[in-house]
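These are the residues of each chain, in order.
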Amino acid sequence: ECHQKGQTLRPLGSSLSPNGIALNQDGMISMVHMDKVLDIDKKNKTITVQAGITVSKVVEALRKHKLTLPNLASIAEQQMGGFVQVGAHGTGRLIAPVDHYVTKLKLVTPGLGTITLTKEENGALFDLAKVGLGCLGVVVEVTMECIPAHKLVEHTFTLTRQQAREQKDDLLKKHKHMRYMWIPYTDTVVVVTNDPEDQVPKGTPRFQSPAGSNAQKMAPLTNLLAELHQEKETTYESDLVQGMGFGEVRDALLAFDPLDIDHVRRCNQAEADFWTKNEGYQTKSSDQLLQFDCGGQQWVFEVCFPTGTIETNNDNDIQFMEKLLEGIEKNGIPAHSPIEQRWSAASSSTMSPAHGPEDGLFCWIGIINYLPSDDPDQRNAITNLFTGKYSDLVRSVGRPVQMVSHWAKLEEPRSVTKAVDMKMIYQDRYPVTEFNRARAILDPKNILSNKLLDLVFGVPKQG
């Protein structure tokens, strides 16, 4: 019906990360009721699911068969369709984004009806469709590779910025999963590594945490919260605070003045002290450790760029971070913590931000600013700062290294100049001609697009 009318209609997943490519005023289609596991092939280690099922339900279904997904992002409630169509990723120099592990897709297309795509039968079209952004058809079924379920040993510790630079390559090669969390305005970098339990050297702790109660572990944060209440002459409710988690306390700290540089410095230093005080080890199933709490309401802008090969990192990653931190501190940007840095191997999906040579190494960096209160004026001020000055700095630093946005973080440009810049970058980085040729066949009236996607790719020409 929408095809006949020419009415645009965007497929919508869990809407966990509302962004410019997902939302559409003319119409959206929810996949939430297409949430079934259709097949688990234990022999070939694959799973086929409907696109609306969440990643967490897929992981639970696989657990019964001692299998799991080959890669996981930080959020478990994503739907599988969106999970692959925007190229979600985890971290690890030998681990590609999730779309790379898709073996079959079923799409409902306006132009050709329902079609099934595989690499063997459809070649280049399949590679385009794996990260098709919902533009080539509505994904209704996904078949993905699986791997044996396993436990990971996680080690969390802190380094200085100089140590993070010096140890980065060794840490990436030594550990299956590794990420950095940089804390602006401090000399602290939090390191989180994860390795299969059966590959961890003997003598490495499986469980180790600092002695003391939870209140003692939270002291760097709660002590600052008490100080702030005293300074503001407001009531500090210690009983209430004791029941709060890490993210809730951080929000409570920032809420006093989330755009004041000196205040953000104090909050970030307290967070750095918290992580230094809470270094340790834990061992759990891979999905429990690779998926984690991302905190409260927030703005996130995540980008991706090449940084050499899996054997020879060209240091784009560390140079990017150093320039970004320098820009933050020079320009007095109230950057909340952390700035997360992750890595992935190359993806075979031609529309993935991490598409490149088979031995390519890619870096993913995400900046964040929290929305710690419901005050509309405060939220608007944070939004304007984040989507303007802060995100502009990231784009400036990333331009020389061919940086592009994570597809799930792409937003409409705020000026004509920025729109032109975006179009040039994306036309250069992606196979736009091939993508638009496929769009013209599978969606001849361009109903699966929206204004932002048409801005990035243009409107496909018919015939």
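Asks: Please give an account of helix α14 (residues 416-429) that cites residues and values.
Replies: An α-helical turn contains 3.6 residues, so a residue and the one three or four places further along point in the same direction. Given a rise of 1.5 Å per residue, 14 residues ought to cover 20 Å, and the 20 Å separating the end C-alpha atoms of α14 matches this to within 8%. Among all positions of α14, only A419, M422, Y426 and R429 are buried. Around the axis of α14, the buried residues are gathered within 105 degrees of arc, so they sit on the same side. Relative to its buried face, α14 has exposed residues pointing more than 90 degrees away, namely V416, T417, M424 and D428. Check the buried side of α14 and you find it contacts β14 (298-309), β16 (360-370), β17 (404-405), α15 (432-442) and α16 (451-457).

Asks: Talk me through the sheet that holds strand β10 (residues 151-159); I want residue IDs and the actual numbers.
Replies: Across a sheet, strands are paired by hydrogen bonds formed along the backbone, either parallel or antiparallel in direction. The sheet built from eight strands is open, its strands ordered β13-β10-β12-β11-β15-β16-β14-β17 with antiparallel pairing. A strand with exactly one partner marks an edge of an open sheet, and here the two such strands are β13 (280-285) and β17. Docked against the sheet, helix α12 (residues 316-331) engages β11 (177-182), β14, β15 (339-345) and β16, running at close to 165 degrees with respect to β15.

Asks: Before we move on, can you summarise the environment of L12 with the specific residues and values?
Replies: Summarising the element assignment, L12 is placed in strand β1 (residues 10-12). Taking the C-alpha atoms as reference, L12 lies 5.2 Å from S30; in sequence the two are 18 residues apart.

Asks: A description of the pattern of salt bridges should follow, citing residues and the corresponding values.
Replies: Per the counting criterion, the structure on display carries 21 salt bridges. Put simply, K119 and D127 hold a salt bridge, and the shortest N to O gap is 2.4 Å. A relative accessible area of 9% places D127 in the buried class. For E197, the salt bridge identified is with R206, shortest N-O distance 4.0 Å. Under the relative-accessibility criterion, E197 is labelled partly exposed at 30%. One network of salt bridges, in which partners are shared, links K168, D169, D315 and D317.

Asks: So what about the side chain of T387? Which residues, and what values?
Replies: Within the fold, T387 resides in helix α13 (residues 376-398). A polar atom in the side chain of T387 sits 2.7 Å from the backbone oxygen of T383. Setting aside residues no more than four positions away along its own chain, T387 makes contact with W299, D392, R395 and R414.

Asks: Run through the packing of aromatic side chains, naming residues and quoting values.
Replies: Summed over the entire model, instances satisfying the criterion amount to 13 aromatic pairs. On the numbers, 5.8 Å between centres and 40 degrees between planes, the contact of W407 with F457 is tilted. Of this pair, W407 sits in the loop between β17 and α14 while F457 sits in helix α16, placing them 50 residues apart in sequence. Among the aromatic residues, those joined into a cluster by ring pairs are W407, Y426, Y430, F435 and F457.

Asks: I'd like a description of the packing of helix α7 (residues 219-232) against helix α9 (residues 246-254), backed by residues and values.
Replies: The packing of two helices is summarised by the inter-axis angle and the distance between the axes. With their axes 10 Å apart at the nearest point, α7 and α9 run at an angle of 30 degrees to one another. Taken together, the axes of α7 and α9 lie roughly parallel to each other. α7 and α9 meet at a crossing whose hand is left-handed. In this structure, α7 uses L221, T222, L224, L225 and L228 to contact α9, whose residues at the interface are F246, V249, A252 and L253. When grouped by side-chain class, the residues that make up the contact of α7 with α9 number eight nonpolar, one polar and no charged.

Asks: Requested: an account of the nonpolar core, with residues and values cited.
Replies: Of all hydrophobic cores here, the largest spans 63 residues; its most connected members are L69, M80, F83, W407 and F457. When residues in this core are grouped by element, the largest group, five residues, is from strand β8 (residues 138-145). In this view, L69 contacts I47, V55, V58, V59, L62, M80, F83, M144, E145 and I147; residues no more than four positions away in its chain are not counted. Within the second largest apolar cluster, 36 residues are counted, among which are A164, Y185, M321 and L325.

Asks: Kindly report on unusual backbone geometry, identifying the contributing residues and their values.
Replies: The step from S337 to P338 runs through a cis peptide bond, and the omega angle for that step is 0 degrees. Relative to the elements of secondary structure, P338 occurs in the loop between α12 and β15. In the Ramachandran plot, Y185 falls in the positive-phi region, its phi being about 65 degrees despite a non-glycine side chain. With respect to the helices, strands and loops of the structure, Y185 is situated in the loop between β11 and β12 (189-196). Classification of Y185 as buried rests on a relative accessible area of 11%.

Asks: Please provide a residue-by-residue account of empty space enclosed by the protein, values included.
Replies: All chains considered together, the criterion is met by four cavities of 30 Å³ or more. Lining the second largest cavity, in full, are R93, D169, L172, K173, T309, I310, E311, T312, N313 and L361. Per element, the largest residue contribution to the lining of the second largest cavity is three residues, and it comes from helix α5 (residues 161-174). Its residues assigned to classes, the lining of the second largest cavity comprises three nonpolar, three polar and four charged.

Asks: Explain a nonpolar patch on the surface to me, using residue names and the numbers behind them.
Replies: A surface patch of nonpolar side chains, amounting to about 320 Å² of accessible area, comprises V416, V420 and M424. Its place among the elements puts V416 in helix α14. Residue V416 is classed as exposed on the basis of its relative accessible area, which comes to 67%.

Asks: Account for the packing of α5 against α12, with residues named and values stated.
Replies: Close contact between α5 and α12 brings their axes to 10 Å; oriented N to C, the two are set at 165 degrees. Taken together, α5 and α12 sit at an angle that is classed as roughly antiparallel. As α5 packs across α12, the resulting crossing turns out to be right-handed. Between α5, through R161, A164, R165 and K168, and α12, the contact on the second element is made entirely by D317, I318, Q319, E322, L325 and E329. Of the residues in the contact of α5 with α12, the class split is three nonpolar, one polar and six charged.

Asks: An account of the sheet that holds strand β6 (residues 102-109) is needed here, citing residue identities and associated values.
Replies: The strand order across the open sheet built from five strands is β3-β4-β8-β6-β7, with neighbouring strands paired in antiparallel fashion. In this open sheet, the two strands that pair with only one neighbour each are β3 (37-41) and β7 (113-118). In this sheet, adjacent strand axes meet at a mean angle of 10 degrees when their direction is disregarded. With six bridges connecting them, β6 and β8 associate as antiparallel partners. Among the inter-strand pairings, V108 is bridged to a residue of β8, identified as V138.

The rules behind these values
Residues numbered from 1 in each chain as written. Predicted model: local features only at pLDDT ≥ 70, side-chain atom pairs only at ≥ 80, totals over all residues. Heavy atoms only, no water. Helix = DSSP H or I, 4+ residues; strand = E, 2+ residues; numbered from the N terminus. Expected span 1.5 Å × (residues − 1). Buried < 20%, exposed > 50% of the residue type's maximum accessible area, 1.4 Å probe, protein only. Arc of directions from axis to C-beta. Contact = heavy atoms within 4.5 Å. Pairing = 2+ DSSP bridges. Axes fitted to C-alpha atoms, helices over the stretch in contact; angles between N-to-C directions. Salt bridge = Lys/Arg side-chain N within 4 Å of Asp/Glu carboxyl O. Polar contact = N/O pair within 3.5 Å; in protein donor to acceptor, adjacent residues only side chain to side chain. Phe/Tyr/Trp six-rings, centres within 6.5 Å; stacked < 30°, edge-to-face > 60°. Parallel < 35°, antiparallel > 145°, perpendicular 65-115°, else oblique. Left-handed = near helix turned anticlockwise from the far one by under 90°. Nonpolar A, V, L, I, M, F, W, Y, C, P; charged D, E, K, R; others polar. Core = buried A, V, L, I, M, F, W, Y, C linked by side-chain atoms within 4.5 Å. 1 Å grid on protein atoms, 1.4 Å probe; cavity = no way out; pocket = protein on both sides within 12 Å on 5 of 7 lines; lining within 4 Å. Points joined across faces, edges and corners; volume = space filled by probe spheres on them. Patch = residues over 30% accessible without salt bridge, like charges linked within 9 Å, V, L, I, M, F, W, Y side chains within 5 Å. Areas by Shrake-Rupley, 256 points an atom, 1.4 Å probe, with all protein chains shown as cover.

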